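# Tertiary structure, described
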Amino acid sequence: MAFYCQNMLEMAVLLAEHDPVYEEIAFKFLENFVWISYAMDKVGEHGDDMWDEQDGFYYDVLRLPGGEAMRLKVRSLVGILPLCASTVLEAGTLARHPKILELIALFVKRHPEVVAQVAPTVEGFAGYAGRRLLSPLTRTKLERILSYLLDEDEFLGPYGIRSVSRYHLEHPFVFHTGGQEHRVQYLPAESNNGMFGGNSNWRGPVWMPVNALIIRALLNLYAFYGDDLK
């Protein structure tokens, strides 16, 4: 959903260059983006959001019928794809849309704790060449996720980014429920069972389309951080 809002925001900003009526629409997608990002990592200690502060990674969350929630600690593309939900605005873009700036300032005033959880796009936080960034990842989160992404023992393979960390080759994730054992293990080729039709795309192989999204995201983030992020 964050990726969807990011794309819709970019389109609305482009349309607003020709018709200011789209400024409020652009802000609406920006607002939705921020709330979704906040839900992924709320302020305080929670077990029902996706960000794990100890591991420095996003995980799927399983909600149980009794209301309990638990993170499924599988290091997969789930924790990498928030990289792709980033929008970089060129210097001066927001200045041409005072209505968006006005709405952003009002939102920041009302929800400072929410804005603190995402990469800033408000005045005073310009990046390289005066650009602005909207991303679920603060710089600290970005650096921690990149440490997994660029580790050859984790996601970085000889032919691209794996869909599941190689860590799970020797350390499979095992989950017991209803008297049954469920296991996720790194599988770089065909699945070793018939689950999901024998398709193991989410179990280790390199996906070309997802790799293209990740490359685009890294270029996008580099446009904001420049050589300052190493």
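A quick note: this is a predicted structure, and the numbers were derived from the prediction, not measured. (Residues numbered from 1 in each chain as written. Predicted model: local features only at pLDDT ≥ 70, side-chain atom pairs only at ≥ 80, totals over all residues. Heavy atoms only, no water.)

### With respect to the packing of helix 2 (residues 22-40) against helix 3 (residues 98-110)
Rule in force here: Lines are fitted to the C-alpha atoms to define the axes, a helix being fitted only along its stretch in contact, and any angle between axes, read from their N-to-C directions, falls within 0 to 180 degrees. The secondary structure listing takes helices from DSSP runs of H or I that are at least 4 residues long and strands from runs of E that are at least 2 residues long, numbered from the N terminus. Working definition: roughly parallel below 35 degrees, roughly antiparallel above 145 degrees, roughly perpendicular at 65 to 115 degrees, and oblique for all remaining angles. Left-handed describes a crossing whose near helix is turned anticlockwise from the far helix by less than a right angle; the clockwise case is right-handed. Any two residues whose heavy atoms approach within 4.5 Å at even a single point are treated as in contact. Only Asp, Glu, Lys and Arg are considered charged in this grouping, and only Ala, Val, Leu, Ile, Met, Phe, Trp, Tyr, Cys and Pro are considered nonpolar; every other residue, Gly among them, is considered polar.
The interhelical angle for the contact between helix 2 and helix 3, taken along N-to-C directions, is 30°, at an axis separation of 9 Å. Classed by the angle they form, the pair helix 2 and helix 3 counts as roughly parallel. For the crossing formed where helix 2 meets helix 3, the hand is right-handed. Contact with helix 2, carried on its side by E23, E24, A26, F27, L30, E31, V34 and W35, involves P98, K99, I100, L103, I104 and F107 of helix 3 and no other residues of that element. Of the residues contributing to the contact of helix 2 with helix 3, the split by class is 10 nonpolar, no polar and 4 charged.

### Digging into the pairing of strand 9 (residues 173-177)
As a reminder, the rule being used: Two strands are said to pair when DSSP picks up at least two bridges between them.
Note: strand 9 against strand 10 (residues 180-184), 5 bridges, orientation antiparallel. Pairing of F175 across the sheet is with H182, part of strand 10. Hairpin connection from strand 9 to strand 10: 2 residues lie between these consecutive antiparallel strands, with G178 at a positive phi of about 60°.

### Details of the packing of aromatic side chains
Note the threshold: Only Phe, Tyr and Trp rings take part, Trp by its six-membered ring, and two of them pair if their centres are within 6.5 Å. Stacked means planes under 30 degrees apart, edge-to-face means over 60, and tilted covers everything else. Think of it in three bands: residues with accessible area under 20% of the maximum for their type are buried, residues over 50% are exposed, and the middle band is partly exposed, with areas taken using a 1.4 Å probe on protein chains only. The criterion is that NZ of a Lys, or CZ of an Arg, lies within 6 Å of the ring centre and within 35 degrees of the ring normal, and then a charge sits over that ring.
Overall, the coordinates contain 8 aromatic pairs when judged by the stated rule. Between the aromatic rings of W35 and F107, the centroid separation amounts to 5.9 Å while the plane-to-plane angle is 85°, which identifies the pairing as edge-to-face. Of the two residues, W35 sits in helix 2 while F107 sits in helix 3, which places them 72 residues apart along the sequence. Relative to Y59, the ring of F57 has its centre 5.6 Å away and its plane inclined at 55°; by these criteria the two rings are tilted. The pair formed by F57 and Y59 is uniform in burial state, with each residue classed as buried. Taken together, the ring pairs connect F27, W35, Y38 and F107 into an aromatic cluster. In this structure, R75 is placed above the aromatic ring of Y167, and the distance from its NZ or CZ to the ring centre is 4.1 Å. Cation over ring: K141 sits above W51, and NZ or CZ is 5.4 Å from the ring centre.

Such coordinate-based values are descriptive only and should not be taken to indicate function.
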